[in-house]
Amino acid sequence: MGISEDTGLREKRAGSRLTLTTVLPSVAWIPLARGHAERADEMTAGHRARKPGGEKHAIEDFLYDYYGTRPAQLRRWHPGVGTGLAPAPDGLPEQAGWKFYTTLPEGIVTLDVEAYMHARGESVRYIHGLLTATASRPAFSGCFGLHEWAMVYRQPEHRRHELPLRLGQEETDKVVEQHPIRCTHFDAFRFFTPEAVGLNRLQPTRATQVDLDQPGCLHAAMDCHKWAGKLGPAVPGALALDCFALAGDIRLLDMQASPYDLSSYGQPAVKIETAEGKQEYVTRQREFARRASALRARLIRVCEELLGPALAAENREAVAPHNV
């Protein structure tokens, strides 16, 4: 039987790693692509409105400045690895002209896994290993967002945000000194002030990220957006936007629980220096960890589709010593 438009279709081409599990007819993928663009536009509307005037936003800019998110790239809909797009009545889908896509003789457009892996194979293996190791660990939820406090510890000037400290510098420093700090994520730890570095129970490095990232960490959860972006066209559009949405929700808590005064943004503080604030933080942190766990699992499956069963198993074995 030739290629049809039935879900569950599998075709393996000789000498190629191309595997199609689904082929979407145009009546299915056109609304999906349109809905994806509309959802992406809604999610990035504030940032796009502020950008022409150079207006800063201490909460939301992180998603664009730190992660390098581009709204135009985010609104591009990708069907994901293993899914092909049948031609529309007016011709091939626009993905036919995008990087890492190929058009099969039947006119079906899909990700060229061989070309993609030739260019990004090492990144796929790293992401798969890191996410697999992270997912293997129990979630730790006793950090209370103190990484943001450690970033301003004994730092009266040149802070990352032009916002006042909710408690002032002296009281902020006391909060840091009165709490154990156990930050596991290197990309948070590397922004600690020099005076705060030695207060952390761990000393994360880029080299130990696979050893230390754990699923309760807000930054590890936000990084689902980072890894979805790195995997690019292999990630289905809905998954990419789900990761971005989670990152945005987490970023809000990250700043609400920080020492900064967010009253100018109309956002209440999560006062982690109090028992009530700690409880609120942990409750929301655990919900984010639950959401991130599901997204991380989906990203791992994308990686395993790209790697294939043998390479995926080999990669899982390679990171097994880190899964402690």
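See above for the structure.
What counts as what
- Residues numbered from 1 in each chain as written.
- Predicted model: local features only at pLDDT ≥ 70, side-chain atom pairs only at ≥ 80, totals over all residues.
- Heavy atoms only, no water.
- Phe/Tyr/Trp six-rings, centres within 6.5 Å; stacked < 30°, edge-to-face > 60°.
- Helix = DSSP H or I, 4+ residues; strand = E, 2+ residues; numbered from the N terminus.
- Axes fitted to C-alpha atoms, helices over the stretch in contact; angles between N-to-C directions.
- Parallel < 35°, antiparallel > 145°, perpendicular 65-115°, else oblique.
- Left-handed = near helix turned anticlockwise from the far one by under 90°.
- Contact = heavy atoms within 4.5 Å.
- Nonpolar A, V, L, I, M, F, W, Y, C, P; charged D, E, K, R; others polar.
- Salt bridge = Lys/Arg side-chain N within 4 Å of Asp/Glu carboxyl O.
- Buried < 20%, exposed > 50% of the residue type's maximum accessible area, 1.4 Å probe, protein only.

Q: I'd love a proper account of the packing of aromatic side chains, names of residues and values included.
A: Across all of its chains, the model carries eight aromatic pairs by this definition. For the pair Trp-98 and Tyr-101, a centre-to-centre distance of 6.1 Å together with 80° between the ring planes defines the contact as edge-to-face. Aromatic side chains Tyr-126 and Trp-227 sit 6.1 Å apart centroid to centroid with 65° between the ring planes, which places their arrangement in the edge-to-face category. Here Trp-227 lies in helix 10 (residues 218-231) and Tyr-126 lies in helix 4 (residues 113-135), a separation of 101 residues in the sequence.

Q: An account of the packing of helix 1 (residues 26-50) against helix 11 (residues 237-256) is needed here, citing residue identities and associated values.
A: Two packed helices can be described by the angle between their axes and the distance between those axes. Across the interface, helix 1 lies against helix 11 with an axial gap of 11 Å and an inter-helix angle of 15°. With respect to their mutual orientation, helix 1 and helix 11 come out roughly parallel. For the pair helix 1 and helix 11, the sense of crossing is left-handed. For the pair formed by helix 1 and helix 11, the contact residues are His-36, Arg-39, Ala-40, Met-43 and Thr-44 on the first element and Gly-237, Ala-238, Leu-241, Asp-242, Phe-244 and Ala-245 on the second. When its residues are assigned to classes, the contact of helix 1 with helix 11 shows six nonpolar, three polar and two charged.

Q: Pulling in residues and values, what's your account of the pattern of salt bridges?
A: Enumeration according to the criterion identifies 17 salt bridges in this entry. Linking Asp-242 and Arg-39 is a salt bridge whose minimum nitrogen-to-oxygen distance equals 2.9 Å. In this pair, Asp-242 is assigned in helix 11 and Arg-39 in helix 1, connecting sequence segments 203 residues apart. Residue Asp-242 is classed as partly exposed on the basis of its relative accessible area of 23%. As a salt-bridge pair, Arg-284 and Glu-280 come within 3.2 Å of each other at their nearest N and O atoms. One end of the pair is Arg-284 and the other is Glu-280, both in helix 12 (residues 275-319) and four residues apart, which spans about a single turn. Within this structure, Asp-187, Arg-190, Arg-206 and Lys-226 form a network of salt bridges that share partners.

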